[in-house]
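Residues per chain, in single letters:
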Amino acid sequence: MRRSYDVVVAGSGIAGLSAALAAARLGLKTLVLAGDVLGGNLLAIEKVEGYPGFPEGVAGYDLCPIAQAMAAEAGADFETMPLARVEGEAPRLALFAAEGQLEARSLIVATGASPKALGVPGEERLKGRGVSHCASCDGPLLRDAVVAVVGGGDSAMQESLTLAAFASRVIVLCRSDTLAGQASYRERVLAHPKIEVRFNVEVEEILGTSSVTGVRLHGAAQPVDARAVFTYIGLEPNTAFLAGRLALDAARRIPTDATMATRSEGIFAAGLARAGSPGRAIASAGEGAVAAATAHSYLRGDKET
């Protein structure tokens, strides 16, 4: 017999976990299709700041398990596999995953986003051999080394501060003439004695044979010596499985209204996969909770939500 749920949440970052918690607490039969790894991008964040209840900040790899445990205690089920395809119409959505087909009365898409690639020579070849997206994972392996961080937003600055606890020097390579992230991060990065920011530079190549040895910059006579390169130049939404099924914007994110409802009845979106999401952990958590509340209203028959 095909398994059926009131709501299926695709994704297990903080948006998906918050949606699952809220949906389960509202009494909905809830399943989270968590993908390959529970926790999403936050697992790589050493310190999430500005999240209520954690005045000193909280590691993403602590926050997500806490949210997962709360959702499970409220009654949500979890399966470690991604959603591959969506067919049919609500309230009888056919959802296809690795281990078969499910039926759902509603769907919350919280599949998040993945780091964009620089697209330069050496990047793919040296991935895992000095090219990384996770400072908390690889920083302890780079004690007293010089490392490069590419980007100028929140993630680049957060990870630069994490790396500065291990590396002898962190060189931030910023394509624009200013850092784009939150003011609190900017101030700390620019004041940190172990962090050097280079503005108006563009990475042309990542150097090294068996491991990273440096970075070549466009127009520069000499490469930047570095044992590792951490890239944070933006995110690509994980929405390819929705192509042709759900309306996406030019950036392949999911447009929603203020209640997180998409243009397809019974389908909602939250977090980094959603168009207009601020990209902060607290915002994604709130969007997940709103999506669950809207799904609950929809399932009750309140068509005005």
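Residues numbered from 1 in each chain as written. Predicted model: local features only at pLDDT ≥ 70, side-chain atom pairs only at ≥ 80, totals over all residues. Heavy atoms only, no water.

**Things to note about the sheet that holds strand β11 (residues 195–198)**
As a reminder, the rule being used: Any two strands with at least two DSSP-identified bridges between them are counted as paired. Strands here mean DSSP runs of E at least two residues long; helices mean DSSP runs of H or I at least four residues long; both are numbered from the N terminus.
The 5 strands are arranged β8-β15-β9-β10-β11 in an open sheet whose pairing can be described as parallel. The open sheet has two edge strands, β8 (131–132) and β11, and neither has a second partner. Relative to strand β15 (residues 228–231), β8 runs parallel, the two sharing 2 bridges. When the bridges of β15 are listed, Val131 appears paired with Val229.

**A closer look at the state of the cysteines**
Rules: Throughout, a disulfide means two cysteine sulfur atoms within 2.5 Å of one another.
Tallied over the full model, the rule gives 1 disulfide. Each disulfide pairs two cysteine sulfurs, and for Cys134 the partner residue is Cys137, the sulfurs being separated by 2.0 Å. Residues Cys134 and Cys137 share a disulfide whose torsion about the S-S bond is about 65°; that sign makes it right-handed. With no disulfide of its own, Cys64 lies 13 Å from the sulfur of Cys134, the closest cysteine sulfur.

**Examining the pairing of strand β12 (residues 203–207)**
The side chains of a regular strand alternate, residue by residue, between the two faces of the sheet. Here β12 runs beside strand β13 (residues 214–217); their pairing, made up of 4 bridges, is antiparallel. Bridge pairing links Glu205 to Arg216 in β13. A loop of 6 residues connects β12 with β13, the two strands running antiparallel in sequence, and Gly208 in this loop sits at a positive phi of about 140°.

**Remarks on the packing of aromatic side chains**
The condition that has to hold: Pairing of aromatic rings covers Phe, Tyr and Trp, the last counted by its six-membered ring, and requires centre-to-centre distances within 6.5 Å; plane angles under 30 degrees mean stacked, over 60 mean edge-to-face, and any other angle means tilted. Relative accessibility under 20% of the residue-type maximum defines a buried residue, over 50% an exposed one, and the middle range a partly exposed one, all with a 1.4 Å probe and only protein chains included. Criterion for a charge above a ring: Arg CZ or Lys NZ at most 6 Å from the ring centre, at most 35 degrees from the ring normal.
Evaluated as defined, the whole model comprises 2 aromatic pairs. On the basis of an interplanar angle of 65° and a centroid distance of 6.2 Å, the ring pair of Phe268 and Tyr298 is categorised as edge-to-face. You can see Phe268 sitting in strand β17 (residues 267–269) and its partner Tyr298 sitting in helix α6 (residues 281–300), a full 30 residues away along the chain. With relative accessibility at 9%, the residue Tyr298 sits in the buried group. Just above the ring of Tyr5 sits the side chain of Lys29; from NZ or CZ to the centre is 5.0 Å. Across the ring face of Phe96, the terminal group of Arg85 is positioned such that the distance to the ring centre comes to 3.9 Å.

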